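Coordinate inspection notes
These are the residues of each chain, in order.
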Amino acid sequence: MSKAVPMHGFGSGGALLNFNVVGGTTAPEYPRENMIWVNTPNKITRWLFSADEPQNLTEGMVWFKTGVTGSVGFNALKNNEIQIYPLFVKQYASDALAERTGKIYQNNAWRDFSLCLYDSGDEFVDITGGWAAYAYKSSGFSDYASRSPGVTKNDSSITLSQVKHQWENDRNVRRSGALFCENAIDLTGRSVLKINIEQCDTENVGRLGITSVKKDGFTPIGEVSITGVGEFLLDIPENTGAVYVYIAMNGVSSEASLSFNAVRAQ
């Protein structure tokens, strides 16, 4: 197993940093406050924190994606303050950005970064298995026709749509289907599931939810309506365990669509 090697640094003007970054396949034996551990078999050559994916990456470089909020945060400076919220971490290895697990040591315990399931075109396939549409509807919409939503995977978002077929023009046919993570996701220790919607029709048909089974007639463990543009939050019940995350288009009577660019659990 590779050894965890600490990396320290100073900010511009000699500002002393309030954290350090280590790599390795096992957690450091003697961590200290705000130590960040990247679980990786590769040597960390450089690291950076940025909201945007960096350019001109080199072998071994680690990128911490940051947000304005997150499940963990820390002050990066000892004497002043720059608050940082890491969302996930990737490392450039073998000419590609590879997903890594990131944790920070705070209050005598290791804390996970946010669990990202989708972010600006990245489906985090190692975790989710990818996102796929199904003609599955929840038990609350059993009277509606099962119809897999249309899926357009854009460069930085996913668009779901339901269209009305020609033969349905004179009939009041309501359709339901959902986009699922292919894998069951372990949400143990997570408290909230978030989705960021960048486009949404006026018809209120979208749902973000979790369920223990992936099949037609599934029963949601939790679900929240998507009513417009912005961030929507689903409280995750305690002891949820491994579940399937979905975005549903329920009871569509005309044409409807929505687009999202981020899904993550905290």
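Just so you know, these numbers come straight off a predicted model, no measurement behind them.

Turning our eyes to something else, we now look at the overall build of the protein chain. Of the regular secondary structure elements, the protein chain holds one helix and 22 strands. Buried residues in the protein chain amount to 48% of all 266 residues. Here the analysis covers contacts within the protein chain between residues at least 6 apart in sequence; of these, 65% occur between residues at least 24 apart. Carbon together with sulfur atoms contributes 45% to the accessible area of the protein chain, which is approximately 12,800 Å² in total.

So, about the packing of aromatic side chains. Going through the model one piece at a time under the given rule, you end up with 19 aromatic pairs. Geometrically, the ring pair formed by Trp131 and Phe260 is tilted, given 6.0 Å between the ring centres and 55 degrees between the ring planes. On the criterion of sequence distance, the pair formed by Trp131 in strand S11 (residues 131–134) and Phe260 in strand S22 (residues 256–265) is long-range, its members being 129 residues apart. As far as the burial class goes, Trp131 and Phe260 line up, both buried. Residues Tyr134 and Tyr136 carry aromatic rings whose centres are separated by 4.8 Å and whose planes lie at 15 degrees to one another, so their mutual orientation is stacked. Here Tyr136 falls in the partly exposed class, since its relative accessible area comes to 22%. Put simply, the rings of Phe19, Trp47, Phe49, Phe64, Phe74 and Phe113 touch in pairs and so form one group of aromatic residues. The aromatic ring of Phe124 is capped on one face by Lys90, whose charged end is 5.0 Å from the ring centroid.

Once that is clear, we can look at the confidence of the model for the protein chain. When the pLDDT values of the protein chain are averaged, the result is 86; 88% of them are 70 or greater. Averaged over each element, pLDDT in the protein chain is lowest for strand S1 (residues 6–7) (36) and highest for S11 (97). Scored below 50 in pLDDT, residues 1–13 makes 32 contacts in the model with residues more than four places away or belonging to other chains.

Here Ser225 lies in strand S19 (residues 220–226). On the basis of relative accessibility, which here comes to 30%, the residue Ser225 falls in the partly exposed class. Separated by 19 residues in sequence, Ser225 and Gly206 have C-alpha atoms that sit 5.9 Å apart.

Moving on to the environment of Val213. Within the fold, Val213 resides in the loop between strand S18 (206–211) and S19. The exposure class assigned to Val213 is partly exposed, which follows from its relative accessible area of 30%. Distance from Val213 to Val243, taken between C-alpha atoms, is 7.3 Å for residues 30 residues apart in sequence. In contact with Val213, other than residues within four places in its own chain, are Phe180, Phe218 and Tyr244.

The subject of this paragraph is the pattern of salt bridges. Going through the model one piece at a time under the given rule, you end up with nine salt bridges. Salt-bridge contacts for Lys103 lead to Asp112; the nearest nitrogen and oxygen are separated by 2.4 Å. The exposure class of Asp112 is partly exposed, given its relative accessible area of 33%. Glu231 serves as the salt-bridge partner of Arg264, at 3.9 Å between the closest nitrogen and oxygen.

We now examine the nonpolar core. The tendency in soluble globular proteins is for nonpolar side chains to be buried as a group. Core analysis: the biggest nonpolar cluster contains 30 residues, and Trp131, Leu193, Ile195, Leu208, Val245, Ile247 and Phe260 have the highest contact counts within it. In terms of residue count, S22 provides more of this core than any other element does, five residues in total. Every residue in contact with Phe260, bar those within four places of it in the chain, is listed here: Tyr118, Ser157, Ile158, Leu179, Ile195, Asn196, Ile197, Glu198 and Ile247. Counting residues in hydrophobic clusters, the runner-up holds 17 residues, among them Val21, Ile84, Ile104 and Phe113.

Analysis parameters
- Residue numbers run consecutively from 1 along every chain, following the written order of its sequence.
- Totals for whole chains, interfaces and linings use every residue, but because this is a predicted model, local features are given only for residues with pLDDT of at least 70 and side-chain atom pairs only at 80 or more, for both listing and counting.
- By convention in this description, side-chain values take in all heavy atoms of the structure and omit both hydrogens and water.
- Only runs of H or I of at least four residues qualify as helices and only runs of E of at least two qualify as strands under DSSP, and these elements are numbered from the N terminus.
- For every residue, the accessible area obtained with a 1.4 Å probe (protein chains only) is divided by the maximum for its type, and the residue is called buried under 20%, exposed over 50%, and partly exposed between those limits.
- Throughout, a residue-residue contact means that at least one pair of heavy atoms, one from each residue, lies within 4.5 Å.
- All accessibility values rest on the Shrake-Rupley procedure with a 1.4 Å probe; residue burial counts only the protein chains present in the view.
- Within 6.5 Å between ring centres, the rings of Phe, Tyr and Trp (the latter by its six-membered ring) count as paired, and their orientation is classed by plane angle as stacked under 30 degrees, edge-to-face over 60, tilted in between.
- Lysine and arginine charges are scored as sitting over a ring when NZ or CZ, respectively, is within 6 Å of the ring centre and within 35 degrees of the ring normal.
- Each residue carries a pLDDT score, the predictor's confidence in it, ranging from 0 to 100.
- Within this document, salt bridges are pairs made up of a side-chain nitrogen of Lys or Arg and a carboxyl oxygen of Asp or Glu, the two lying within 4 Å of each other.
- Only buried residues count toward a nonpolar core, which is a set of Ala, Val, Leu, Ile, Met, Phe, Trp, Tyr and Cys residues joined through side-chain atoms within 4.5 Å.

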